Amino acid sequence: MKIIFPKHIAIIMDGNGRWAKNKDSKRIEGHKEGVRTVKKITKYCAELNIKHLTLYTFSNENWLRPKTEVGSLMKLFVSTLNKELKLLLDNNIRFKVIGDKNKLDFITRKKINDVEYLTERNTGMGMNLAISYGGRQEIITAVNNIISSKRIKI
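Rules behind the numbers
Residues numbered from 1 in each chain as written. Predicted model: local features only at pLDDT ≥ 70, side-chain atom pairs only at ≥ 80, totals over all residues. Heavy atoms only, no water. Helix = DSSP H or I, 4+ residues; strand = E, 2+ residues; numbered from the N terminus. Contact = heavy atoms within 4.5 Å. Pairing = 2+ DSSP bridges. Axes fitted to C-alpha atoms, helices over the stretch in contact; angles between N-to-C directions. Parallel < 35°, antiparallel > 145°, perpendicular 65-115°, else oblique. Nonpolar A, V, L, I, M, F, W, Y, C, P; charged D, E, K, R; others polar. Phe/Tyr/Trp six-rings, centres within 6.5 Å; stacked < 30°, edge-to-face > 60°. Buried < 20%, exposed > 50% of the residue type's maximum accessible area, 1.4 Å probe, protein only. Core = buried A, V, L, I, M, F, W, Y, C linked by side-chain atoms within 4.5 Å. Right-handed = clockwise from strand over helix to strand, strands pointing away.

Student: Run through the environment of Leu87, naming residues and quoting values.
Tutor: Its location among the elements puts Leu87 in helix H3 (residues 67–90). Between the alpha carbons of Leu87 and Ile107 there is a distance of 21 Å; along the sequence they are 20 residues apart. In contact with Leu87, other than residues within four places in its own chain, are Lys39, Thr42, Lys43 and Ile93.

Student: Describe the sheet that holds strand S2 (residues 52–59), with residues and values.
Tutor: Pairing between the strands of a sheet comes from backbone hydrogen bonds, and it takes one of two forms, parallel or antiparallel. As summarised here, the arrangement of the four strands in space is S1-S2-S4-S3, forming an open sheet in which the pairing is parallel. If you trace the sheet from one side to the other, it starts and ends with strand S1 (8–12) and strand S3 (94–98), each paired once. Adjacent strand axes in the sheet meet at a mean angle of 20° when their direction is disregarded. Of the strand pairs in this sheet, S2 and strand S4 (residues 126–133) are connected by seven bridges, and their pairing is parallel. The residue bridging His52 from the neighbouring strand is Gly126, located in S4.

Student: Please set out the packing of H3 against helix H4 (residues 106–119) residue by residue, giving values where relevant.
Tutor: The interhelical angle for the contact between H3 and H4, taken along N-to-C directions, is 10°, at an axis separation of 10 Å. Put simply, H3 runs roughly parallel to H4. Residues Met74, Phe77, Val78, Leu81, Asn82, Leu85, Leu88 and Leu89 of H3 form the contact with H4, whose own contacting residues are Ile107, Thr108, Lys111, Ile112, Val115, Leu118 and Thr119. A class-by-class count of the residues in the contact of H3 with H4 yields eleven nonpolar, three polar and one charged.

Student: For the packing of aromatic side chains, give the residues involved together with the corresponding values.
Tutor: For the structure on display, the rule yields two aromatic pairs. Both rings, one in Tyr56 and one in Tyr133, keep their centres 5.7 Å apart while their planes meet at 85°; by these two values the pair is edge-to-face. Highlighted residues: Tyr56 in strand S2 and Tyr133 in strand S4, separated in sequence by 77 residues. Residue classification places Tyr56 among the partly exposed positions, given a relative accessible area of 25%. Judged by centre distance (4.9 Å) and plane angle (80°), the ring pair of Phe58 and Trp63 falls under edge-to-face.

Student: Describe the nonpolar core, naming the residues involved and giving the relevant values.
Tutor: Among soluble globular proteins, nonpolar side chains are generally buried collectively. Within the largest apolar cluster, 24 residues are counted, with the highest numbers of intra-cluster contacts made by Phe77, Phe95, Ile112, Met127, Leu129 and Ile131. At the level of secondary structure, the elements contributing two or more residues to this core comprise helix H2 (27–47), S2, H3, S3, H4 and S4. Among the elements that take part in this core, H3 stands out by supplying seven residues, more than any other. In this structure Phe77 touches Phe95, Thr108, Ile112, Leu129 and Ile131, once residues within four positions along its chain are discounted.

Student: Before we move on, can you summarise the pairing of S4 with the specific residues and values?
Tutor: By the criterion of burial, S4 is predominantly enclosed, with eight of the eight residues buried. In the sheet, S3 pairs with S4 via five bridges, with the strands oriented parallel. Looking across to S4, one finds that Lys96 is bridged to Asn128. Viewed along the sheet, the connection from S3 through H4 into S4 turns out left-handed.

Encoded structure:
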């Protein structure tokens, strides 16, 4: 019997803070554990020839968290990209961020742009990270893009 895998897997990453609380740890430790889990999932999906993996990692609402936590999350994100670039390149993974990158600090935005550029020619799995992302924001952006392209008149 042949097993057929989906072409696209999307995961909403949630519960890292609760995981840490249950372990009597700091919230950032939960986020670090989430990173370890993402690494395992990424390797596994690449091995299974999944075409696209989308991880909903940081919603628009996450900006409302304490500034120290948001700052720690951005530092973790940058350090993870630094550490895992080799994994992306070795596994032919194309990395892309969807969402409002303009809300991110300069260092985080630069690292994202660098990794997107270094992996843009990879032909394996596409890995999408939804950062500073929300469904309502996406709809508004799409409508504004249609209006500005003059495809419709209002």
